[in-house]
Protein chains: 2
Amino acid sequence: MASPEPRRRVLIVGGGFGGLLCAQNLAKAPVDVTLVDRRNFHLFQPLLYQVATGALSPANIAAPLRSILKRQRNVKTLLGEVVGFDGEAKEAILSDGSRLGYDVLVLATGSTHHYFGKDAQWEPLAPGLKTIEDATRIRQKVLSAFEHAEQINDPALRKKLMTFAVVGGGPTGVEMAGSIAELASHTLRRDFRSIDPSSARVVLIENSDRVLQVFPEKLSRKALEALHSLRVETWLNCRVTDVTPESVVVDRQGQREELPTETVIWAAGVKASPLGKLLAEAMGGGEVDRGGRIVTTRDCTVPNHPDVFVIGDLAHYPLADGKTLPGVAPVAMQQGQYVGEAIARRASGLSSKGPFRYRDKGIMATIGRSMAVAQTGKLQLSGWLAWAAWLFVHIMYLAVFENRVLVLFQWFWNYITRNRSARLITWTDGR
Amino acid sequence: MASPEPRRRVLIVGGGFGGLLCAQNLAKAPVDVTLVDRRNFHLFQPLLYQVATGALSPANIAAPLRSILKRQRNVKTLLGEVVGFDGEAKEAILSDGSRLGYDVLVLATGSTHHYFGKDAQWEPLAPGLKTIEDATRIRQKVLSAFEHAEQINDPALRKKLMTFAVVGGGPTGVEMAGSIAELASHTLRRDFRSIDPSSARVVLIENSDRVLQVFPEKLSRKALEALHSLRVETWLNCRVTDVTPESVVVDRQGQREELPTETVIWAAGVKASPLGKLLAEAMGGGEVDRGGRIVTTRDCTVPNHPDVFVIGDLAHYPLADGKTLPGVAPVAMQQGQYVGEAIARRASGLSSKGPFRYRDKGIMATIGRSMAVAQTGKLQLSGWLAWAAWLFVHIMYLAVFENRVLVLFQWFWNYITRNRSARLITWTDGR
């Protein structure tokens, strides 16, 4: 027998849905995988809003990457931050200066908040919802606002404290607004003596003429009704023009309107991780779209670089009709699986299975307890049935977490008692 | 009928075991209670080490004070920090300058870490274990040390990273050392590729000649054996003389010894909350002991101030034999109950039931899975039986938490799987 070729080194950057699924689909491949992430855990981002409103604990929706991958002996997990690439040497450069060589690179570092060019001014005032720390920061802001309102007598200040603005009417914004409304009118209802939490004002601000734009119009209407039944105000056709420590200012079809509030939550825009641009430069000028995403081929590689894959929110995957795939978890997961299989086939000398094809299984969003909307194929669901479907799908997705049963139990408990036991004001600024 | 006298205003400062029990025992009293705490939750401190080692989430051992007290309509809960007193006006002064008037004051603000006069130098290097943030900071330090060790090749640095020092051989220190050892040799055993976590070195440093000093000698020996079976090194008769970013230095009976480590956990000393001294000054010179605790009368009041009570870790309660009551949870709880009842009796015009009497139900400490020591009266237990007793008592204590069942379930799960699912490296410095 000929001496075997050295095993190819696959470097996966990012342990989100895309990166993790890619690593898992390389389980039986004759390759050496390194998965590097800035964090030591995989985060189930779709449920972050439940942490932000005290229903779940961070550990309920985050699992250590090592723990998930510990039985997969060909994977090495590394905690580290990739800050650049050396395309010539085929190396990723880490923040501590060390380098990781690769034969095959999979970039899956996702996206971050985007404040329409006002990042420096608005980010400190209006946290987004991407990390555990974001979620505990929002939780601290929302709960502290009620605590502060309880202590004062000035009616204008009290009203401002008890006003919560959520910017962006997509799934995250709708879920946040609904959850804050439920927190105020149910969970906290009897907790205070001087204020009535159920009189809190939750305002959802959306640029376009309806919430959940990516859903069929009928479901947008259903979601709007559900929000109104929770007494969430929806400000449609309103573009945010300023965020201050005291208010959020919008342009409502030419009219300037100011909403006094100290709690603004940002669910409006995302941009690609900055690594996209750096990779494109290192590869000698790959195409990057306006959102910072790398334009890929149909097999998820960078053009002319068959060993460099980009997947998930960071990838601009062009469709035949000129559109691109949306930045949602199922796309990242399916791309991760596809790329893992593709690398495995190549390593085993098998031919490619053809370009990536997204199987759209549908979309869903939840507004509150027993209220959700879902669309799959031609089927449109709303209300309790959609909520049950939402619950089922999310529990299935949570399969990577060893403590899935615990989360289910916690949800069940919260559902019955309407309690949110993780209502802790903790500090991330070292206080 | 004569017009009723105005209801007396009872101000409780601190929502720990003492303050909370006091408030709960005033449920039926004709008084208006205000409970003020810097945090919005009651923390079950005896289980903080489980958060620090990733076995439980913060919310598992913390419950919102409002939530606990919401059905007790004569209690108002306030989030705020008391920074002083005006004894003349009978007012507590909050950090925002506002004042809270009282007719009866109960001070129960507990204790904080004590670094033998080296607070400023050692505290940043050797976190103690009093708050949720302390626990997540220790968790971050311990887990990051393993992550860092996985990435480097220098054997000396790797050894230093995988050395963990716990200072103080009391219950907290013993529990921490045992938990870190279990984390390393069981939970993380198969998680890494370059290092063997079970080769980690855990060193417990104790000033005296045995661990668990407050226990009978036989149980100290049993605890020592249990620690050794978990491969914890115990350095007895060692006094810490310095803590640096690179090591901890001890004096072992005249010999200087240096242990290279970047992870030092402080479980050695506590001092009373600084409010004790401030109260004594405001009251015109109450007696304060060396540890900053206020010397109380037999009915838990400040001498000559029958309406000012001091309970829990902040109280120096003198016993007939010249000793004082220890700073443990059962003392705080029983004093809280006693004071609550005393205030209620006075408000209802009933006579006092006599001085406070501590019923010592025993002490217990756990070393690890299925290993504990317990003493109650003349009965001394160790091993599995003591552990079962420990578990039972702690679950009973957790009765104030609505999610007790969840915590039990989580424990049961951890016990079977040896898993610690809350192994998240999160940042408290805003990173």
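A. Seen up close, the nonpolar core. By size, the foremost hydrophobic cluster in this structure holds 267 residues, and its most contacted members are Val-106 of chain A together with Val-106 of chain B. In contact with Val-106 of chain A, other than residues within four places in its own chain, are Val-10, Ile-12, Val-13, Gly-19, Cys-22, Phe-309, Ile-311 and Val-339 of chain A.

B. Structural context of the relation of the copies chain B and chain A. When chain B is fitted to chain A, the residual RMSD is 0.0 Å, and the transformation amounts to a turn of 180° plus an axial shift of 0.0 Å. Each copy turns onto its partner about a two-fold axis. A share of 100% of the interface residues of chain B reappears at the interface of chain A, consistent with the copies meeting face to face through the same patch.

C. Broad picture of the interface of chain B and chain A. Taken together, the contact pairs 41 residues of chain B with 41 residues of chain A. Broken down by element, the side of chain B that touches chain A gets its largest block of residues, five residues, from helix H5 (residues 132-151) of chain B. Looking at side-chain class alone, the side of chain B that touches chain A contains 17 nonpolar, 12 polar and 12 charged residues.

D. Fine view of the sheet that holds strand S23 (residues 363-368) of chain B. Residue and element names in this part refer to chain B. Across the sheet, which stays open at both edges, the three strands sit in the order S23-S24-S25 with antiparallel pairing between neighbours. The open sheet terminates on both sides in strands that have one partner only, identified here as S23 and strand S25 (379-382). Averaged over all pairs of adjacent strands, the angle between their axes in this sheet comes to 5°, without regard to strand direction. Note that strand S24 (residues 371-376) and S25 share four bridges and pair antiparallel. Bridge pairing in S25 links Val-373 to Ser-382. Of the strands in this sheet, S23, S24 and S25 touch helix H11 (residues 384-397), which is tilted by about 75° from S24.

E. The environment of Lys-70 of chain B, seen in detail. Relative to the elements of secondary structure, Lys-70 of chain B occurs in the loop between helix H3 (65-69) and strand S5 (75-79). Not counting residues up to four positions away in its chain, the partners in contact with Lys-70 of chain B are Arg-190 and Asp-191 of chain A.

F. The sheet that holds strand S7 (residues 91-94) of chain A, seen in detail. Residue and element names in this part refer to chain A. Read from one edge to the other, the open sheet built from three strands follows the order S6-S7-S8, with strand pairing classed as antiparallel. Strand pairing shows two members of the sheet lacking a second neighbour, strand S6 (82-86) and strand S8 (99-101), which therefore form its edges. Neighbour-to-neighbour, the strand axes of the sheet open up by a mean angle of 25°, direction not taken into account. Across four bridges, the pairing between S6 and S7 is antiparallel. If you follow Phe-85 over to S7, its bridge partner there is Ala-92.

G. Structural context of helix H7 (residues 171-187) of chain A. Over its 17 residues, H7 of chain A runs 22 Å from end to end, which matches the ideal 24 Å to within 8%, given 1.5 Å per residue. Across the 17 residues of H7 of chain A, 15 count as buried, placing the element largely inside the fold.

The rules behind the values
All residue numbers here refer to positions counted from 1 along the written sequence of the relevant chain. Here every chain gets a letter starting at A, and every ligand a number starting at 1, in the order they are written. Only residues with pLDDT of at least 70 are given local features in this predicted model, and only at 80 or more are side-chain atom pairs given and counted; all residues enter the totals for whole chains, interfaces and linings. Any set of buried Ala, Val, Leu, Ile, Met, Phe, Trp, Tyr and Cys residues joined through C-beta atoms within 7 Å is what this text calls a nonpolar core. Any residue surrounded by 20 or more other C-beta atoms within 10 Å of its C-beta is treated as buried, while 12 or fewer makes it exposed and the intermediate range makes it partly exposed; C-beta atoms here are placed from the backbone. Each residue is represented by a C-beta atom placed from its backbone, and any two residues with such atoms within 7 Å are regarded as in contact. Alignment of the copies relies on least squares applied to C-alpha atoms, considering only residues that score at least 70 for pLDDT in both. Strands are runs of DSSP state E lasting at least two residues, helices are runs of H or I lasting at least four, and both sets are numbered from the N terminus onward. Note on residue categories: nonpolar means Ala, Val, Leu, Ile, Met, Phe, Trp, Tyr, Cys or Pro, charged means Asp, Glu, Lys or Arg, and polar means any other residue, Gly included. Any two strands with at least two DSSP bridges between them are considered paired. The convention used is that axes are lines fitted to C-alpha atoms, helices contributing only their stretch in contact, and that angles between N-to-C directions extend from 0 to 180 degrees. By this rule, a helix spans an expected 1.5 Å times one less than how many residues it contains.

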